[in-house]
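An overview of the molecular structure
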Amino acid sequence: MPANPRTKRNPRDHTGNQKALLAEQHAEEMAKRQGELAMHHAEQRAGLDEPIALDDKGRTIQSVSESQEPEGPVEIPPEVVTIRVACDLEKVTIGQNTAFDFKEGQAYRVPLHVAQHLDRLGYVWQWL
């Protein structure tokens with residue numbers, strides 16, 4: 001017959017007693033901190049749905065506000081697609097003088113030829 005578990009803490013267990021005492025003293029602070037962590041993780045997950053635009057060289061394209069008028073001739077951008085990759089990829093070279101970094105689950109707007117190359121290799125998880 002197995003022994004009954006203790007219902008009281010052992011008075012000689014200084015570490016366990018100290019841990020319980022501190023947990024009671026800081027219960028409110030811990031609950032508040034847990035809520036902050038939950039919000040932080042939710043914000044991180046929400047950021048994964050915002051696509052990051054990359055150019056042909058693997059650099060992040062800075063967004064231009066609509067109020068700014070482009071100076072000089074207007075260039076037609078290459079066909080771009082939005083994808084998610086299946087795993088983290090660092091310094092992926094596609095073409096000459098290019099280096100792409102991808103984070104798993106993040107949405108990326110990339111040129112079509114980059115997405116097709118990654119898809120042929122099996123790295124594209126989802127086409128958006």
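The coordinates are above.
Calculation rules
- Residues numbered from 1 in each chain as written.
- Predicted model: local features only at pLDDT ≥ 70, side-chain atom pairs only at ≥ 80, totals over all residues.
- Heavy atoms only, no water.
- Helix = DSSP H or I, 4+ residues; strand = E, 2+ residues; numbered from the N terminus.
- Buried < 20%, exposed > 50% of the residue type's maximum accessible area, 1.4 Å probe, protein only.
- Contact = heavy atoms within 4.5 Å.
- Areas by Shrake-Rupley, 256 points an atom, 1.4 Å probe, with all protein chains shown as cover.
- Pairing = 2+ DSSP bridges.
- Phe/Tyr/Trp six-rings, centres within 6.5 Å; stacked < 30°, edge-to-face > 60°.

Next up on the list: the overall build of the protein. From N to C terminus, the protein includes three helices and six strands. When the elements of the protein are put in sequence order from the N terminus, they spell out α-α-β-β-β-β-β-α-β. For the protein, buried positions account for 20% of its 128 residues. Relative to all contacts within the protein whose residues are 6 or more apart in sequence, the contacts with residues 24 or more apart total 60%. Carbon and sulfur atoms form 52% of the exposed surface of the protein, whose accessible area is close to 10700 Å².

Once that is clear, we can look at the pairing of strand S5 (residues 107-111). Among the five residues in S5, four count as buried, and that is most of the element. The pairing of strand S1 (residues 52-53) with S5 spans two bridges and is classified as parallel. Directly across from Ala-53, in S5, lies its bridge partner Arg-109.

Now for the packing of aromatic side chains. Going through the model one piece at a time under the given rule, you end up with two aromatic pairs. Taking 5.9 Å as the distance between ring centres and 10° as the angle between the ring planes, the aromatic pair formed by Phe-100 and Phe-102 counts as stacked. Neither residue differs from the other here; Phe-100 and Phe-102 are each classed as buried. Residues Phe-102 and Tyr-108 carry aromatic rings whose centres are separated by 5.0 Å and whose planes lie at 85° to one another, so their mutual orientation is edge-to-face. Classification of Phe-102 by relative accessible area gives buried; the value is 4%. Counting every residue linked through ring pairs, the aromatic cluster contains Phe-100, Phe-102 and Tyr-108.

None of this, on its own, says anything about what the molecule does.
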